[in-house]
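Structural description and commentary
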Amino acid sequence: TNKRGCGSMKTQERASGAEHLTAEVWKEKDDTEVRWLGGAGFFVRARGTALLLDPCLWIGADGRAETGFAPFYPPVLRPEEVPAGTAVLYTHSDEDHLGRRTAQALAGAAFYGPAPCARALSEIGREAVRVLRPGEKFAVGCIEIEAIPADHGWQSMDVKKYGAPFGPEDCVGYILRTPHAKLLFPGDTRLMPQHRALPDDFDAMAFDVSADPWHMGARDGAELARHLSRAKLLPCHFGTYDAPEAVPHNGSLTTAREALGDAAARLASDAIGAPVIFGAE
(Lines give C-alpha, C1' and ligand atoms only; values in the text may rest on other atoms or scores of the structure.)
Protein backbone atom coordinates (compact mmCIF):
# COMPACT_ATOMS: atom_id res chain seq x y z
CA THR A 1 0.00 0.00 0.00
CA ASN A 2 1.17 3.54 -0.67
CA LYS A 3 -0.44 4.72 2.57
CA ARG A 4 1.83 5.09 5.58
CA GLY A 5 1.59 2.78 8.54
CA CYS A 6 1.52 5.37 11.32
CA GLY A 7 2.42 2.90 14.04
CA SER A 8 0.36 -0.07 15.15
CA MET A 9 -3.02 -0.68 16.76
CA LYS A 10 -2.85 -3.22 19.60
CA THR A 11 -6.47 -4.19 19.05
CA GLN A 12 -8.79 -3.60 16.13
CA GLU A 13 -12.52 -3.01 16.24
CA ARG A 14 -14.36 -4.94 13.57
CA ALA A 15 -17.56 -4.05 11.81
CA SER A 16 -20.39 -5.94 13.48
CA GLY A 17 -21.09 -8.15 10.46
CA ALA A 18 -21.59 -8.20 6.71
CA GLU A 19 -24.67 -8.48 4.51
CA HIS A 20 -24.21 -9.37 0.84
CA LEU A 21 -25.92 -7.10 -1.69
CA THR A 22 -28.25 -9.19 -3.83
CA ALA A 23 -29.53 -8.35 -7.31
CA GLU A 24 -32.59 -6.86 -5.61
CA VAL A 25 -30.68 -3.73 -4.54
CA TRP A 26 -30.34 -2.56 -8.16
CA LYS A 27 -34.08 -2.66 -8.85
CA GLU A 28 -36.01 0.59 -9.04
CA LYS A 29 -37.99 1.54 -5.94
CA ASP A 30 -39.42 4.88 -4.87
CA ASP A 31 -36.88 5.49 -2.13
CA THR A 32 -33.18 6.15 -1.57
CA GLU A 33 -30.98 3.34 -0.30
CA VAL A 34 -27.43 3.69 1.06
CA ARG A 35 -25.13 0.82 1.99
CA TRP A 36 -21.58 0.86 3.33
CA LEU A 37 -19.35 -1.39 1.22
CA GLY A 38 -16.58 -1.59 3.81
CA GLY A 39 -13.51 0.61 4.07
CA ALA A 40 -14.44 3.95 2.55
CA GLY A 41 -16.87 2.64 -0.08
CA PHE A 42 -20.60 3.23 -0.45
CA PHE A 43 -23.48 2.14 -2.66
CA VAL A 44 -26.28 4.65 -3.29
CA ARG A 45 -29.50 3.99 -5.21
CA ALA A 46 -32.31 6.52 -5.71
CA ARG A 47 -35.30 5.24 -7.67
CA GLY A 48 -33.69 3.66 -10.72
CA THR A 49 -30.29 5.36 -10.46
CA ALA A 50 -27.42 3.61 -8.66
CA LEU A 51 -23.82 4.65 -8.16
CA LEU A 52 -20.73 3.63 -6.21
CA LEU A 53 -18.41 5.84 -4.19
CA ASP A 54 -14.77 4.79 -3.73
CA PRO A 55 -15.40 1.06 -4.31
CA CYS A 56 -12.62 -1.43 -3.51
CA LEU A 57 -14.38 -4.69 -4.29
CA TRP A 58 -11.71 -6.97 -5.75
CA ILE A 59 -10.34 -9.88 -3.72
CA GLY A 60 -7.38 -11.94 -4.95
CA ALA A 61 -6.95 -15.71 -4.90
CA ASP A 62 -4.87 -15.31 -1.75
CA GLY A 63 -7.82 -13.72 0.04
CA ARG A 64 -6.28 -10.24 0.12
CA ALA A 65 -7.97 -7.11 -1.12
CA GLU A 66 -6.30 -4.63 -3.46
CA THR A 67 -5.41 -2.61 -0.38
CA GLY A 68 -2.93 -5.40 0.38
CA PHE A 69 -4.82 -6.55 3.47
CA ALA A 70 -7.15 -9.46 4.19
CA PRO A 71 -10.74 -8.39 4.87
CA PHE A 72 -12.46 -9.56 8.04
CA TYR A 73 -15.57 -10.54 6.06
CA PRO A 74 -16.26 -11.80 2.54
CA PRO A 75 -16.98 -8.93 0.13
CA VAL A 76 -20.58 -7.77 0.19
CA LEU A 77 -20.39 -6.86 -3.51
CA ARG A 78 -18.15 -8.22 -6.24
CA PRO A 79 -17.16 -6.22 -9.33
CA GLU A 80 -18.84 -8.69 -11.68
CA GLU A 81 -22.14 -8.14 -9.85
CA VAL A 82 -22.19 -4.42 -10.69
CA PRO A 83 -24.41 -3.69 -13.72
CA ALA A 84 -22.66 -2.35 -16.81
CA GLY A 85 -22.61 1.43 -17.07
CA THR A 86 -22.89 2.13 -13.32
CA ALA A 87 -21.47 5.52 -12.31
CA VAL A 88 -18.44 5.46 -10.02
CA LEU A 89 -17.40 8.52 -7.97
CA TYR A 90 -13.89 8.79 -6.55
CA THR A 91 -12.85 11.22 -3.84
CA HIS A 92 -9.09 10.80 -4.48
CA SER A 93 -6.55 8.39 -5.90
CA ASP A 94 -5.25 6.57 -2.81
CA GLU A 95 -5.55 2.86 -3.52
CA ASP A 96 -7.97 2.19 -0.67
CA HIS A 97 -10.38 4.50 -2.52
CA LEU A 98 -9.50 4.04 -6.17
CA GLY A 99 -9.15 0.28 -6.43
CA ARG A 100 -7.50 -0.31 -9.79
CA ARG A 101 -8.41 -3.99 -9.95
CA THR A 102 -12.01 -3.06 -9.21
CA ALA A 103 -12.00 -0.36 -11.90
CA GLN A 104 -10.58 -2.83 -14.43
CA ALA A 105 -13.36 -5.29 -13.62
CA LEU A 106 -16.29 -2.85 -13.81
CA ALA A 107 -17.90 -3.25 -17.22
CA GLY A 108 -18.55 0.04 -19.03
CA ALA A 109 -18.53 2.13 -15.86
CA ALA A 110 -18.70 5.93 -16.06
CA PHE A 111 -15.95 7.29 -13.80
CA TYR A 112 -15.83 10.67 -12.04
CA GLY A 113 -13.09 12.14 -9.87
CA PRO A 114 -10.25 14.66 -9.48
CA ALA A 115 -7.37 14.82 -11.97
CA PRO A 116 -5.11 12.31 -10.13
CA CYS A 117 -7.93 9.76 -10.41
CA ALA A 118 -8.16 10.32 -14.16
CA ARG A 119 -4.42 9.78 -14.48
CA ALA A 120 -4.55 6.57 -12.46
CA LEU A 121 -7.49 5.26 -14.46
CA SER A 122 -5.83 6.07 -17.78
CA GLU A 123 -2.88 3.92 -16.74
CA ILE A 124 -5.18 0.89 -16.66
CA GLY A 125 -6.98 1.76 -19.89
CA ARG A 126 -10.03 3.46 -18.42
CA GLU A 127 -10.50 6.67 -20.39
CA ALA A 128 -14.20 7.41 -19.76
CA VAL A 129 -13.47 9.75 -16.87
CA ARG A 130 -14.98 13.12 -16.06
CA VAL A 131 -12.42 15.23 -14.21
CA LEU A 132 -13.95 17.12 -11.28
CA ARG A 133 -12.88 20.08 -9.20
CA PRO A 134 -14.41 21.34 -5.94
CA GLY A 135 -17.54 23.35 -6.68
CA GLU A 136 -18.61 21.43 -9.79
CA LYS A 137 -22.20 20.24 -10.02
CA PHE A 138 -23.71 17.61 -12.30
CA ALA A 139 -26.32 14.87 -12.26
CA VAL A 140 -26.37 11.12 -12.70
CA GLY A 141 -29.94 10.12 -13.41
CA CYS A 142 -32.11 11.50 -10.61
CA ILE A 143 -29.14 12.12 -8.29
CA GLU A 144 -27.73 15.65 -8.20
CA ILE A 145 -24.04 15.70 -7.26
CA GLU A 146 -21.79 18.48 -5.99
CA ALA A 147 -18.04 18.09 -5.49
CA ILE A 148 -16.80 19.88 -2.36
CA PRO A 149 -13.27 20.61 -1.01
CA ALA A 150 -11.25 18.10 0.99
CA ASP A 151 -7.97 18.50 2.91
CA HIS A 152 -5.92 15.32 2.66
CA GLY A 153 -2.32 16.26 1.92
CA TRP A 154 -0.92 13.40 4.02
CA GLN A 155 2.22 13.11 1.90
CA SER A 156 3.51 16.31 3.48
CA MET A 157 4.59 14.20 6.47
CA ASP A 158 7.51 12.98 4.37
CA VAL A 159 7.61 14.35 0.84
CA LYS A 160 10.87 12.55 0.03
CA LYS A 161 9.22 9.24 0.84
CA TYR A 162 5.66 9.79 -0.38
CA GLY A 163 5.98 12.42 -3.10
CA ALA A 164 4.15 15.68 -3.63
CA PRO A 165 1.18 16.21 -1.30
CA PHE A 166 -2.36 16.26 -2.62
CA GLY A 167 -3.28 19.84 -3.52
CA PRO A 168 -6.62 21.63 -3.05
CA GLU A 169 -8.05 20.24 -6.31
CA ASP A 170 -6.67 16.70 -5.97
CA CYS A 171 -9.25 15.46 -3.45
CA VAL A 172 -12.97 16.09 -3.11
CA GLY A 173 -15.98 15.14 -1.06
CA TYR A 174 -19.51 14.88 -2.39
CA ILE A 175 -22.96 16.17 -1.61
CA LEU A 176 -25.67 13.99 -3.15
CA ARG A 177 -29.26 15.18 -3.50
CA THR A 178 -31.82 12.52 -4.33
CA PRO A 179 -35.62 12.85 -4.53
CA HIS A 180 -35.75 11.59 -0.93
CA ALA A 181 -32.58 12.69 0.88
CA LYS A 182 -29.55 14.98 1.03
CA LEU A 183 -26.36 13.03 1.73
CA LEU A 184 -22.83 14.10 2.66
CA PHE A 185 -19.73 12.06 1.83
CA PRO A 186 -16.78 14.21 2.95
CA GLY A 187 -14.11 11.73 1.77
CA ASP A 188 -10.73 11.52 3.47
CA THR A 189 -10.28 14.98 4.90
CA ARG A 190 -9.52 16.98 7.98
CA LEU A 191 -12.35 19.13 9.27
CA MET A 192 -12.46 22.35 7.23
CA PRO A 193 -14.25 25.71 7.59
CA GLN A 194 -16.32 24.71 4.58
CA HIS A 195 -17.70 21.76 6.53
CA ARG A 196 -18.63 23.95 9.48
CA ALA A 197 -20.45 26.30 7.07
CA LEU A 198 -22.68 23.58 5.60
CA PRO A 199 -26.42 24.12 6.16
CA ASP A 200 -28.08 21.94 8.76
CA ASP A 201 -30.35 20.15 6.28
CA PHE A 202 -28.60 16.82 5.65
CA ASP A 203 -30.37 13.51 6.11
CA ALA A 204 -27.16 11.49 6.40
CA MET A 205 -23.38 11.85 6.49
CA ALA A 206 -20.57 9.35 6.18
CA PHE A 207 -18.86 9.29 9.59
CA ASP A 208 -15.16 8.49 9.13
CA VAL A 209 -13.91 7.11 12.45
CA SER A 210 -10.34 6.35 11.27
CA ALA A 211 -7.69 7.17 13.86
CA ASP A 212 -5.48 8.72 11.17
CA PRO A 213 -4.77 12.42 11.80
CA TRP A 214 -5.35 13.18 8.10
CA HIS A 215 -8.95 11.97 8.43
CA MET A 216 -11.80 13.72 10.19
CA GLY A 217 -11.89 11.01 12.84
CA ALA A 218 -14.12 10.56 15.86
CA ARG A 219 -13.65 13.93 17.56
CA ASP A 220 -13.94 16.25 14.56
CA GLY A 221 -16.53 13.98 12.98
CA ALA A 222 -18.59 14.33 16.14
CA GLU A 223 -18.29 18.12 15.90
CA LEU A 224 -19.63 18.01 12.35
CA ALA A 225 -22.35 15.57 13.39
CA ARG A 226 -23.55 17.96 16.09
CA HIS A 227 -23.63 20.76 13.49
CA LEU A 228 -25.66 18.58 11.11
CA SER A 229 -28.13 17.93 13.87
CA ARG A 230 -30.54 15.55 12.16
CA ALA A 231 -28.21 13.62 9.86
CA LYS A 232 -28.08 9.84 10.15
CA LEU A 233 -24.44 8.88 10.78
CA LEU A 234 -22.97 6.17 8.55
CA PRO A 235 -19.79 4.79 10.19
CA CYS A 236 -16.97 3.95 7.78
CA HIS A 237 -13.21 3.66 7.27
CA PHE A 238 -12.66 1.15 10.07
CA GLY A 239 -13.36 -2.45 10.97
CA THR A 240 -12.86 -3.86 7.46
CA TYR A 241 -9.29 -5.13 7.11
CA ASP A 242 -6.94 -7.19 9.25
CA ALA A 243 -4.32 -4.44 9.28
CA PRO A 244 -3.23 -3.50 12.81
CA GLU A 245 -0.11 -1.82 11.42
CA ALA A 246 -2.11 0.55 9.20
CA VAL A 247 -3.77 3.25 11.29
CA PRO A 248 -5.63 4.76 8.28
CA HIS A 249 -7.73 1.56 8.21
CA ASN A 250 -8.46 1.61 11.92
CA GLY A 251 -10.44 3.56 14.41
CA SER A 252 -12.78 3.03 17.30
CA LEU A 253 -16.53 3.23 17.10
CA THR A 254 -16.51 3.07 20.90
CA THR A 255 -14.45 6.28 20.98
CA ALA A 256 -16.76 7.80 18.39
CA ARG A 257 -19.83 7.05 20.50
CA GLU A 258 -18.19 8.73 23.48
CA ALA A 259 -17.34 11.79 21.37
CA LEU A 260 -20.87 11.96 19.97
CA GLY A 261 -22.67 11.85 23.31
CA ASP A 262 -26.41 12.08 22.72
CA ALA A 263 -25.82 12.27 18.96
CA ALA A 264 -24.72 8.62 19.05
CA ALA A 265 -28.42 7.75 18.84
CA ARG A 266 -28.18 8.76 15.16
CA LEU A 267 -25.54 6.15 14.31
CA ALA A 268 -26.62 3.69 11.65
CA SER A 269 -25.65 0.03 11.83
CA ASP A 270 -21.93 -0.61 11.46
CA ALA A 271 -22.58 -3.89 9.65
CA ILE A 272 -21.06 -3.78 6.18
CA GLY A 273 -23.81 -3.88 3.57
CA ALA A 274 -26.66 -3.03 5.96
CA PRO A 275 -29.34 -0.89 4.26
CA VAL A 276 -30.22 2.66 5.30
CA ILE A 277 -33.44 3.72 3.60
CA PHE A 278 -34.89 7.20 3.06
CA GLY A 279 -38.34 8.07 1.72
CA ALA A 280 -39.92 4.64 2.00
CA GLU A 281 -43.66 4.71 2.63
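Heads up: these notes are all about the structure in this document. These numbers were taken from a predicted model, which means no experiment stands behind them.

A separate point is helix α6 (residues 253-260). Here α6 has its buried residues at L253, A256 and L260. On an axial view of α6, the arc spanned by its buried residues comes to 50 degrees, and they lie on one face. In this fold, the buried residues of α6 make contact with β12 (204-208), α5 (217-227) and β13 (232-236). Near the N-terminus of α6, the side chain that reaches the backbone nitrogen of T254, with its oxygen 3.3 Å away, is that of S252. The first or second residue beyond α6 is G261, which carries a positive phi of 60 degrees.

In any sheet, the strands associate via hydrogen bonds between backbone groups, in a parallel or an antiparallel arrangement. Within the open sheet, the seven strands sit side by side as β7-β6-β5-β3-β2-β1-β15. Their pairing is mixed. Looking along the sheet, the strands with just one partner apiece sit at the ends: β7 (129-131) and β15 (275-278). On average, each strand axis in the sheet is tilted by 20 degrees relative to the strand beside it, whichever way the strands run. Summarising the sheet, strand β6 (residues 110-113) and β7 pair through three bridges and their orientation is parallel. Looking at β7, one finds that G113 is bridged to V131.

Moving on, we get to unusual backbone geometry. Among all residues save glycine, negative phi is the norm, and among peptide bonds the norm is trans. In this model, D54 sits at a positive phi of 50 degrees, which is unusual for a non-glycine residue. Locating D54 in the fold gives a position in the loop between β3 (49-53) and β4 (70-71). Phi at H237 takes a positive value of approximately 65 degrees, unusual for a residue other than glycine.

When two helices pack together, their arrangement is given by the angle between the helix axes and the distance between those axes. Put simply, α5 and α6 touch, their axes get as near as 9 Å, and they point 40 degrees apart. The angle between the axes of α5 and α6 places the two elements in the oblique class. The crossing of α5 and α6 is right-handed. On α6, the residues touching A218, R219, A222, A225 and R226 of α5 are T255, A256, A259 and L260. Of the residues that constitute the contact of α5 with α6, the class distribution is six nonpolar, one polar and two charged.

Below, the discussion takes up the environment of T240. Counting through the fold element by element, T240 comes out in the loop between β13 and β14 (241-242). Its relative accessible area of 7% is what places T240 among the buried residues. Setting aside its immediate chain neighbours within four residues, T240 contacts W36, G38, G39, A70, P71, F72 and I272.

What follows covers the pairing of strand β11 (residues 182-185). Burial along β11 is two-sided: K182 and L184 facing one way and L183 and F185 facing the other are all buried. Of the pairings in the sheet, the one linking strand β10 (residues 172-177) to β11 comprises four bridges and is antiparallel in character. Each residue of the ladder has a partner; that of I175, found in β11, is L184. Here β10 folds back onto β11 in antiparallel fashion, the turn holding four residues. Relative to β12, β11 is paired through two bridges, and the arrangement is parallel. Bridge assignment links L184 to a residue of β12, and that residue is M205.

Before going further, it helps to examine the sheet that holds strand β9 (residues 143-149). An order of β8-β9-β10-β11-β12-β13 is seen for the six strands of this open sheet, with the pairing classed as mixed. The sheet is open, and its two borders are formed by β8 (137-140) and β13, each paired with just one other strand. Mean inter-strand twist for the sheet, computed between neighbouring axes without regard to direction, equals 25 degrees. Relative to the sheet, α5 contacts β11, β12 and β13, its axis offset from that of β12 by approximately 165 degrees.

What counts and what doesn't
- Residues numbered from 1 in each chain as written.
- Predicted model: local features only at pLDDT ≥ 70, side-chain atom pairs only at ≥ 80, totals over all residues.
- Heavy atoms only, no water.
- Buried < 20%, exposed > 50% of the residue type's maximum accessible area, 1.4 Å probe, protein only.
- Helix = DSSP H or I, 4+ residues; strand = E, 2+ residues; numbered from the N terminus.
- Arc of directions from axis to C-beta.
- Contact = heavy atoms within 4.5 Å.
- Polar contact = N/O pair within 3.5 Å; in protein donor to acceptor, adjacent residues only side chain to side chain.
- Pairing = 2+ DSSP bridges.
- Axes fitted to C-alpha atoms, helices over the stretch in contact; angles between N-to-C directions.
- Parallel < 35°, antiparallel > 145°, perpendicular 65-115°, else oblique.
- Left-handed = near helix turned anticlockwise from the far one by under 90°.
- Nonpolar A, V, L, I, M, F, W, Y, C, P; charged D, E, K, R; others polar.

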